[in-house]
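# A structural walkthrough
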Amino acid sequence: MKKLITTLSALLIVGALFAETGYDIMKKADEVAEAKTSSSTATLTIHSKKGSDRIREVIMKSKDYGDVEKSVIVFTTPKDVAGTGYLTFDYEEEDKDSDNWLYMPAMKKTRRIASSGSESEGSFMGTDFTYQDMGDRSLNKYDYNLLGEETVDGVACYKVECISKAHTEKDPRYISYIGKADYILRKCEFYDRQDTLHRVLTCTDFTTIKGFTTAQKMKMENVQSGTWSLIESKNIQYDEEDIDDSLFTVAALEKGRIR
Amino acid sequence: MKKLLLITMFGVLATAALTAEGGVEFSGNIETRWGVAAPWTDSDTSAGRFTIGTTTFTGTIDAYFDNSSALAEGSVTYDAVNNSLEYSVDELWLDYTESIWGLRIGRQKAAWGKADGIDITNVLCPSDMSSLAAMVGDDSKLAVDAIRFSLSGNQFTADAYWIPFFTSAALPLDEGNSLRKFVVPETIEIPVAPGVNLPVTIGGIETPELAIWNGEYGLRVSGYLSAFDLSLYGFYGWDDTPILNYGMTSEAIVVSGKYERMAMIGADAALPIGETVLRLETAFFPQRHFQKEEGGSLQKNQLSALAGIDWMPSGWTLTAQYYCDAVFGDLDELERTDAYQHGATLSVSKSLVNETLELSFSGLIGFNDFDSLLSPSVKYSLSDQISLGASAYIFLAGPDRDGKYGAYKDLSSLCLNAKFSF
């Protein structure tokens, strides 16, 4: 009996020593290997409360330079916003804010966009996604609690609570559902300042291209307003070609080179 | 001839669109804009009269193959107020761009500077001031015929322009144009015969000879860094508006005009600071020609500057700007009476209902005369193709003098517009 208790105690201690914390899980999710270059087109469906849908199509390209990931999104439809481009540099350095530019073809001008605070929480081109959702969230700006495990769409996931240290964000708390086997995000629930569920992100239609697992559909549902936005990725290409560095520049946006 | 040229241009490009293997897109829009003078404007000449009545078709053909591209954009406008039909070639260029260099040749547009709605360094393309519809429209700049050579790096770009053919600002000088009186008065009192007024007629406006030595040159060098964006500008060309001279016959005062050389050096910057972006812009015009009251010009140094801030908290866009403009030296003989002119702008907009409804307000106040322009507007996207809008352009005079914007007080208008994009 004593031997059994000792063995159980030892197992518990070892288990505690090797148990992953919420931070560990989110760090691993953050470090999941990504392609150096990616290129795709996507259809954005913006669903209104009344049930009508508006469709936007975009071209997306990104390139990982190690210390910085550069990405560009250019709208191709509808025609009144065609050519509108969003360029962002996400830095690996934890405390360094991203650099963002928005090109507006009607004005033939590029506007610098603030990278922190409420501006980055604004709607991304009328969708339920924010500019912040379109980039990486800084790991050190949140505290993490492992709430348990839950199955999402048949996949066993860690359930990790992420609380903003600043508490100034529109959605200062969110719960991430991270696949236990691959550390890939399956679902995310965003809570507003009143700690009421605000938005729910679900990632589905996973495919593996060149060893990189990718969600082909990402749906952000605003449970408070009854609207939702769906990003459906197509023509996904990873590391197919070395995308020209000059495409990740303001000049490329202004000259309409992202086709 | 102009009509034939436009039809031929679109015909050739449309044929190309049909025969080329992909890479050719046709897009455009049809926009109708109506405006009526506000009830509080002069009841004898303005109130209730239509000030804007345009319907415009704009077509764009964009062709691209690897590093090569071409664009043709033209528009046809029917103006119901003036019962006129106008055609214009808005842009028509070919472009070759590689990673580090590029060339664009033809009729093209470019916008310089970080200011919103105010031109500080934005001197490359002239303004369309020919009608109220053009002045309050989204795109009030005219294209220039130019060659642009560009060099680009990861964090900088340089664009050099040679503009061999001068394009002036479009001025409302036609008989019957309601804005003409703001450029030249309808009558002028004869100095030697007080109380006697003669009508004013427009004589010739002398444009620079179309010769290789009369070209314009522009250079923009921009850097895009983590901490800030910075651009430097240089321009040597012609002032877009003419200096006027007054001659007298027994029956009328004859106004003639001449364009003068102009140079500009300038800079702008955009600095993200927390949740805001600070914008700065300045331009120096050495020995610029200024209109003399009695006709002709005097050369003075001029310095313009602007500071603005953008804040975009969830769905709101807030922009505030302060601008100033100083002319150095004695102003006694000039039409301009204030050596230092300054003012401020404020713009607030809010998108609602998944960005289908946009409410906005923009205001501009001149601090010299406390005249202003206020413009509330609402825009609703009926679908991805059709948008409907209502707006007002309210010009308010200052307490003592009308001022630059107050001069237009009788053109204060309430407007409706509808646009279909495809």
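Worth saying up front: this structure is predicted, and the values here are computed from it rather than measured.

### A look at the overall build of chain B
- When helices and strands are counted, chain B shows three helices and 22 strands.
- Out of the 422 residues in chain B, the part that is buried amounts to 30%.
- Within chain B, contacts between residues at least 6 apart in sequence are counted, and of these 53% link residues at least 24 apart.

### Let's talk about the overall build of chain A
- Looking only at helices and strands, chain A has three helices and 13 strands in total.
- Long-range pairs, those at least 24 residues apart, make up 42% of the contacts in chain A between residues at least 6 apart in sequence.

### Quick look at helix α2 (residues 22-30) of chain A
Residue and element names in this part refer to chain A.
- Residues G22, I25 and M26 constitute the buried set of α2. For α2, the buried positions fall inside an angular range of 95 degrees around the axis, keeping them on one side.
- Taken together, the buried residues of α2 touch β7 (142-152), β8 (155-164) and β9 (173-179).

### Comments concerning the confidence of the model for chain B
- For chain B, the average pLDDT comes to 90, and 95% of its residues sit at 70 or higher.
- Per-residue pLDDT stays below 50 along residues 12-22 of chain B; that stretch engages in nine contacts with residues further than four places along the chain or on separate chains.

### What to know about the interface of chain B and chain A
- Listed by partner, the interface residues are 35 residues for chain B and 35 residues for chain A.
- Counting only elements with at least two residues in the side of chain B that touches chain A, the list comes to β6 (144-152), β14 (261-273) and β15 (276-291) of chain B.
- Residue composition of the side of chain B that touches chain A, grouped by class: twelve nonpolar, 16 polar and seven charged.

### Regarding the nonpolar core
- With 46 residues, the main nonpolar core has V58, V72, L87 and I178 of chain A as its most contacted residues.
- Not counting the four nearest positions on each side in its chain, I178 of chain A is found in contact with I25, A29, C157, Y158, V160, Y183 and L185 of chain A.
- Judged by nonpolar contacts, the second largest core, of 20 residues, contains V123, L124, I163 and F235 of chain B.

### Quick word on the sheet that holds strand β13 (residues 253-258) of chain B
Residues and elements named next belong to chain B.
- Here four strands make up an open sheet; going across it, the order is β8-β9-β13-β12 and the pairing mixed. The open sheet terminates on both sides in strands that have one partner only, identified here as β8 (187-189) and β12 (243-248). This sheet shows a mean twist of 40 degrees between the axes of neighbouring strands, independent of strand direction.
- Bridging between β8 and strand β9 (residues 197-206) involves three bridges; their strand directions are antiparallel. The residue bridging E189 from the neighbouring strand is N197, located in β9.

### Points about the environment of V81 of chain A
- Within the secondary structure, V81 of chain A is located in the loop between β3 (68-77) and β4 (85-91).
- Between the C-alpha atom of V81 of chain A and that of M125 of chain A, which follows or precedes it by 44 residues, the distance is 9.5 Å.

### Focus: the pairing of β14 of chain B
Residues and elements named next belong to chain B.
- Judged from the ten bridges that link them, strand β11 (residues 229-238) and β14 form a sheet pairing that is antiparallel. Residue L232 lies in a different strand from β14, and its bridge partner there is A267.
- Counting the residues that bridge the hairpin from β14 to β15 gives two residues, and of these G274 lies at a positive phi of roughly 60 degrees.

Quick notes on the rules
- Residues numbered from 1 in each chain as written.
- Chains lettered and ligands numbered in written order.
- Predicted model: local features only at pLDDT ≥ 70, side-chain atom pairs only at ≥ 80, totals over all residues.
- Helix = DSSP H or I, 4+ residues; strand = E, 2+ residues; numbered from the N terminus.
- Buried ≥ 20, exposed ≤ 12 C-beta atoms within 10 Å, placed from the backbone.
- Contact = placed C-beta atoms within 7 Å.
- Arc of directions from axis to C-beta.
- pLDDT = per-residue confidence, 0-100.
- Nonpolar A, V, L, I, M, F, W, Y, C, P; charged D, E, K, R; others polar.
- Core = buried A, V, L, I, M, F, W, Y, C linked by C-beta atoms within 7 Å.
- Pairing = 2+ DSSP bridges.
- Axes fitted to C-alpha atoms, helices over the stretch in contact; angles between N-to-C directions.

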